[in-house]
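Residues per chain, in single letters:
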Amino acid sequence: MNKALIISNTRLKHSTIVESKYDFTYADTSKLGDLILKAKDVNLVVLSLKVEELDSLKPTLLALNICKLVHIVLAVQAPTSHQVFSEFKKSFKLYSQKTSFKEIHFIAEQADWYSNTSLDDLLQKINTKAPYNPTDFRFSVASVQGKTLKGKTLSGAIADNQEVLILPSQQKTKVLSSDDGLLLSSTEKIQSGNIICRPNNLPNSASELDIKLFWLSPQSWRAGNQRILVKHNSFRVNGFIENISYSIDSMDLHRQEVTQLDCGSFSKVKLTCAENLYFDAYHNNRNNGFLELLDPESQELLGYGFIKSESRETQKDQVKSTNIKVEDFDLTREDYEKRNGHKGCVLWFTGLSGSGKSTIAKALMAELHAQGKHVNSLDGDNVRFGLCSDLGFTAKDRSENIRRIGELAKLFMENGNIVLCSFISPFQKDRDFVRSILPDGRFFEVFVDTNIETCIERDPKGLYKKALAGEINGFTGIDSPYEAPQTPEIHLKTDQLNPEEFLQELITQLQAIL
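Just so it is clear, the model here is predicted, and its values are computed rather than measured.

### A few points about the overall build of the chain
1) Next: Counting its secondary structure elements, the chain contains 14 helices and 25 strands.
2) Next: By the compact-globule yardstick of 24 Å for 514 residues, the chain fits well, its C-alpha radius of gyration being 24 Å.
3) Next: Along the first, second and third principal axes, the C-alpha atoms of the chain reach 70 × 65 × 55 Å.
4) Next: Put simply, the chain has 514 residues, and 50% of those count as buried.
5) Next: Put simply, the chain shows about 24600 Å² of open surface, and 48% of that area lies on carbon and sulfur atoms.
6) Next: Seen as two clouds, the 61 positive and the 66 negative side-chain charges of the chain have centres 1 Å apart.

### Notes on the UniProt feature "domain: APS kinase" (unreviewed entry) in the chain
1) Next: The UniProt feature table records "domain: APS kinase" (unreviewed entry) at residues 343-493.
2) Next: Secondary structure over residues 343-493 splits into 40% helix and 18% strand, and the C-alpha atoms at its two ends are 26 Å apart.

### Comments concerning the sheet that holds strand S2 (residues 22-27)
1) Next: On the basis of which strands lie adjacent, the open sheet formed by 5 strands has the order S2-S1-S3-S4-S5 and parallel pairing. Each edge of the open sheet is held by one strand with a lone partner, namely S2 and strand S5 (103-109). Ignoring which end each strand starts from, the neighbouring axes of this sheet average 20 degrees apart.
2) Next: Pairing geometry for strand S3 (residues 44-49) and strand S4 (residues 71-77), over 6 bridges, is parallel. For Leu49, the partnering residue across the bridge sits in S4 and is Val76.
3) Next: Most of the contacts of helix H2 (residues 32-39) go to S2, to which it runs at about 165 degrees, and overall it touches strand S1 (2-7) and S2.

### What about the sheet that holds strand S6 (residues 138-145)?
Backbone-to-backbone hydrogen bonds join strands into a sheet, with any given pair of strands oriented parallel or antiparallel.
1) Next: Read once around its circumference, the closed barrel built from 6 strands follows the order S6-S7-S10-S9-S8-S11, with strand pairing classed as antiparallel. Averaged over all pairs of adjacent strands, the angle between their axes in this sheet comes to 45 degrees, without regard to strand direction.
2) Next: Both strand S8 (residues 163-167) and strand S9 (residues 172-177) contribute to a ladder of 3 bridges, which runs antiparallel. If you follow Leu165 over to S9, its bridge partner there is Lys172.

### Some remarks on the nonpolar core
1) Next: Grouped together as the largest cluster of nonpolar side chains are 55 residues, with contacts concentrated most on Ile36, Leu61, Leu64 and Leu74.
2) Next: Each of two domains, domain 1 (4-125) and domain 3 (205-307), supplies a minimum of three residues to this core.
3) Next: Other than its neighbours up to four places away in sequence, Leu61 contacts Leu47, Leu54, Ile72, Phe92, Tyr95 and Phe101.
4) Next: Leu209, Phe235, Ile244 and Leu291 belong to the second largest nonpolar core, which has 22 residues in total.

### Quick look at helix H10 (residues 395-414)
1) Next: Taking 1.5 Å per residue, 20 residues should reach 28 Å; H10 reaches 29 Å between its end C-alpha atoms and fits that length.
2) Next: When we look at burial in H10, the residues that qualify are Asp397, Arg398, Ser399, Asn401, Ile402, Ile405, Gly406, Glu407, Ala409 and Met413.
3) Next: One or two residues past the end of H10 sits Gly416, with phi positive at roughly 80 degrees.

### Examining the packing of H10 against helix H11 (residues 428-437)
1) Next: Look at H10 against H11: their axes get within 9 Å of each other, and the N-to-C directions meet at 20 degrees. By the angle class used here, H10 and H11 are roughly parallel. The element H10 and its partner H11 pack so that their crossing is right-handed. From H10, Arg398, Ser399, Ile402, Arg403, Gly406, Glu407 and Lys410 reach across to H11, where they touch Lys429, Asp430, Phe433, Val434 and Ile437.
2) Next: Here the contact of H10 with H11 is composed, by residue class, of 4 nonpolar, 2 polar and 6 charged.

### A look at the packing of H2 against helix H3 (residues 58-66)
1) Next: Running from N to C, H2 and H3 cross one another at 30 degrees; their axes reach a closest spacing of 10 Å. The interaxial crossing formed by H2 with H3 has right-handed handedness. Residues Leu32, Leu35, Ile36 and Ala39 of H2 touch H3, and the partners they reach there are Pro59, Thr60, Ala63 and Leu64.
2) Next: Of the residues that constitute the contact of H2 with H3, the class distribution is 7 nonpolar, 1 polar and no charged.

### Points about the packing of aromatic side chains
1) Next: The final tally for this structure, using the stated rule, is 16 aromatic pairs.
2) Next: Consider the rings of Phe88 and Phe92, whose centres lie 6.5 Å apart with planes at 20 degrees: the pair is stacked. Taken together, the positions of Phe88 and Phe92, both in helix H4 (residues 82-95) and 4 residues apart, correspond to about one turn of that helix. Grouping residues by exposure puts Phe88 and Phe92 together as buried.
3) Next: Ring pairs connect the aromatic residues Tyr282, Phe290, Tyr304 and Phe306, which therefore count as one cluster.
4) Next: Sitting above the plane of the Phe290 ring, Lys40 keeps its charged end 4.9 Å from the centroid.

### Section: the UniProt feature "domain: GTP-eEF1A C-terminal" (unreviewed entry) in the chain
1) Next: Under the UniProt annotation, "domain: GTP-eEF1A C-terminal" (unreviewed entry) lies at residues 210-308.
2) Next: Counted over residues 210-308, helix gives 0% and strand 59%. Its end C-alpha atoms are 6 Å apart.

### Some points on unusual backbone geometry
1) Next: In the segment running from Leu167 into Pro168, the intervening peptide bond is cis, with an omega of 15 degrees.
2) Next: Located in the positive-phi region is Gln299, a residue other than glycine, with phi close to 65 degrees.
3) Next: Relative to the assigned elements, Gln299 resides in the loop between strand S19 (290-294) and strand S20 (301-310).
4) Next: Even without glycine at this site, Asp459 takes up a positive phi of about 35 degrees.
5) Next: Of note, Asp459 is situated in the loop between helix H12 (452-458) and helix H13 (463-468).
6) Next: The class for Asp459 is buried, based on a relative accessible area of 17%.

Quick notes on the rules
Residues numbered from 1 in each chain as written. Predicted model: local features only at pLDDT ≥ 70, side-chain atom pairs only at ≥ 80, totals over all residues. Heavy atoms only, no water. Helix = DSSP H or I, 4+ residues; strand = E, 2+ residues; numbered from the N terminus. Rg over C-alpha atoms; globule rule 2.2 N^0.38 Å. Buried < 20%, exposed > 50% of the residue type's maximum accessible area, 1.4 Å probe, protein only. Areas by Shrake-Rupley, 256 points an atom, 1.4 Å probe, with all protein chains shown as cover. Lys, Arg positive; Asp, Glu negative; His and termini not counted. Charge placed at Lys NZ, Arg CZ, Asp CG, Glu CD. UniProt positions renumbered as here; feature names shortened; annotations may be inferred. Pairing = 2+ DSSP bridges. Axes fitted to C-alpha atoms, helices over the stretch in contact; angles between N-to-C directions. Contact = heavy atoms within 4.5 Å. Core = buried A, V, L, I, M, F, W, Y, C linked by side-chain atoms within 4.5 Å. Domains from an automatic or database assignment. Expected span 1.5 Å × (residues − 1). Parallel < 35°, antiparallel > 145°, perpendicular 65-115°, else oblique. Left-handed = near helix turned anticlockwise from the far one by under 90°. Nonpolar A, V, L, I, M, F, W, Y, C, P; charged D, E, K, R; others polar. Phe/Tyr/Trp six-rings, centres within 6.5 Å; stacked < 30°, edge-to-face > 60°. Lys NZ or Arg CZ within 6 Å of the ring centre and 35° of its normal.

This is the structure in structure tokens:
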């Protein structure tokens, strides 16, 4: 049964049929902290509101956006006319352009003139996917009782007799049973706060993180060396907020420079911890990408954090040149976008070699060009003749290849261009890095989902044949892993659509984005 959140000051009426499809939980807008805890576990929210309440509910909408909600139903109470209802829909769609909401539905309640879909009928028709990550096994250890670990399965699942890895000790052991906690063949060196995963599917590890932070405390907080307690699953560690990049204005979703965190604010900050956290980006794993910040003395909850990636500041620290500075230009991204007539964004096509990434991107580029859009294309093979000609195909070189492409795509995007990037980019952490350096709502992961058997059969460059014959080492899908996106913005299943349908699907998605 799918979970759904209803945000209303009064319980909305819905039939027992709908109750059998959804496990409803309720929240109200006066307790944003409680609302966030409930929202991060669902993908569908029903928000009951009056037309005149839109502005006052924008902090709630920002919270839902930070939680990466996909489906939202606006149940508008007693709109006086069709025109008022239409104007409300127009205003909301304009506001939501920068949000994570993929599907927005509107219904009018308690309106005699309204005869369209009811809330019951609409909820029956909406198809949602649980926000749970089914692939990446993560278990957070709360306690060790003999050879049994008690705790929480954050994502994925594990079968009996499978090998697991303990982090941070790097110890390997086997699962004897997963019926009640984890019964292991050995629990030596395991303690509360450890993360259990598969040896070939690891979370990220870093002590300096970029996070989106909702500040709950009435106590204002400035960046600096003031100690803060970081709670990530069962693990607790000292840390501090090193800097505040910006705060997000809930009224227009624009960024604002701020010097402190105030109650109810949403901000991007750099969090530095005394030890490494073993995490996944919140976008891919809502449980292992979520943390709490506590007062180290009183243990009072101060805020909720949504992990984006290892800190971008950490990457900047690796710049070798010292006599350089960022040059600001008079023209902004908004100036370019106004001239171009559309937003700048990056569409990142990822998939196995031979999946059809470049073919689909080429067709989309031709269509966008014909429409008069400003579009650039970056392709895996092409960049290795020049920009990345010094790189091979080791894991380190693959990551550096994607880093360079991401930075180049960002420059194009900042000039108001639509940038189509076609790269295998097998590692989720590298795709997450590109996402992290772009503004929210500007990076769109497009998963070209083609099974390995079809790719081997196509083999347009003869590379699979060579890899299977042992002539190429480290080939993705054969002897090097491909980490498929868990929550891509666009998922193209090549066994279900033909190329023309792919193109139409992308055009439809882009029309909503641009």
